[in-house]
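# Observations on chain architecture
Below are the chains, spelled out letter by letter.
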Amino acid sequence: MVVQKETTYDESLSSSKRKVTRRTSQSSRLQTSQHFSKELRLLKPKEFSHVFADAERFANRNWTLIVRPNQQSIPRLGLAIAKKQLLRAVWRNRVKRIAREAFRQHKDDLSGYDIVVLGRRGMQDIDNETLHKSFLHLIRKIRKSQLKNQTRYRPTSSDEK
């Protein structure tokens, strides 16, 4: 077990700063792998359009997931919850929070995929547990699809002649 020292400054009731040394183990650093870091997100418009260009669609009553293999060992998630579908920001934020949490918990099952989540009209009326179960259902469908192992036929210029 590797032990590292982490130095921080703690401001107590007095105006002076006190130096606090904490010991962190390797196991506590491994727990941070459950975070939803920036490398697990689709952030740029180019990344989103790459997924939309040639992707498979997985949908159910509550969610639509646009999925494309990404040739990496990590999954990436993009959220495209439209104001047209969910009018209030509170509703959109709740739906995004549920999607991020389900993705974070099951990112090992989704490794190698870029996923864009689209919201559906009426999601604000559905409880969190139902939305979460519905998202997990789509994750199982993606895993069973073996989309990563499929090769799509793309005609080249020599095929057209």
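Right above here is the structure, for reference.
Residues numbered from 1 in each chain as written. Predicted model: local features only at pLDDT ≥ 70, side-chain atom pairs only at ≥ 80, totals over all residues. Heavy atoms only, no water.

### Quick word on the overall build of the protein
A tally of helices and strands in the protein yields four helices and six strands. Every one of the 161 residues in the protein was classed for burial, and the buried ones make up 32%. When the accessible area of the protein is evaluated, it comes to approximately 11200 Å², of which 48% is carbon and sulfur surface. (Helix = DSSP H or I, 4+ residues; strand = E, 2+ residues; numbered from the N terminus. Buried < 20%, exposed > 50% of the residue type's maximum accessible area, 1.4 Å probe, protein only. Areas by Shrake-Rupley, 256 points an atom, 1.4 Å probe, with all protein chains shown as cover.)

### With respect to the pairing of strand S6 (residues 113-119)
Most of S6 sits inside the fold, with seven of its seven residues counted as buried. Side chains Tyr 113, Ile 115, Val 117 and Gly 119 project from S6 onto one buried face, and the interleaved Asp 114, Val 116 and Leu 118 project onto a second face that is buried too. Across seven bridges, the pairing between strand S4 (residues 63-69) and S6 is antiparallel. Looking at the pairing, Arg 68 lines up with Asp 114 of S6. Tracing the backbone out of strand S5 (residues 76-80), into helix H3 (residues 89-105) and back to the parallel element S6 gives a crossover that is left-handed. (Pairing = 2+ DSSP bridges. Right-handed = clockwise from strand over helix to strand, strands pointing away.)

### A closer look at the pattern of salt bridges
Throughout the structure, instances matching the rule amount to five salt bridges. Of the charged contacts, one joins Glu 101 and Arg 104 as a salt bridge, the two residues approaching to 2.6 Å between their closest N and O atoms. Taken together, the positions of Glu 101 and Arg 104, both in helix H3 and three residues apart, correspond to about one turn of that helix. Glu 101 sits in the partly exposed class, given a relative accessible area of 31%. The residue Asp 109 makes a salt bridge to Arg 143 at a minimum N-O spacing of 2.9 Å. (Salt bridge = Lys/Arg side-chain N within 4 Å of Asp/Glu carboxyl O.)

### Focus: the nonpolar core
Formed by 26 residues in total, the largest nonpolar core has its most connected members in Trp 63, Leu 65, Val 67, Ile 115, Val 117, Phe 135 and Ile 142. At the level of secondary structure, the elements contributing two or more residues to this core comprise S4, H3, S6 and helix H4 (128-145). Considering every element that reaches this core, the biggest residue donor is H4, with six residues. In this structure, Ile 142 is in contact with Phe 58, Leu 65, Val 67, Leu 110, Tyr 113 and Ile 115, ignoring residues within four places of it in sequence. Leu 42, Phe 48, Val 116 and Leu 118 belong to the second largest nonpolar core, which has six residues in total. (Core = buried A, V, L, I, M, F, W, Y, C linked by side-chain atoms within 4.5 Å. Contact = heavy atoms within 4.5 Å.)

Shape is all these values report; function is a separate question.
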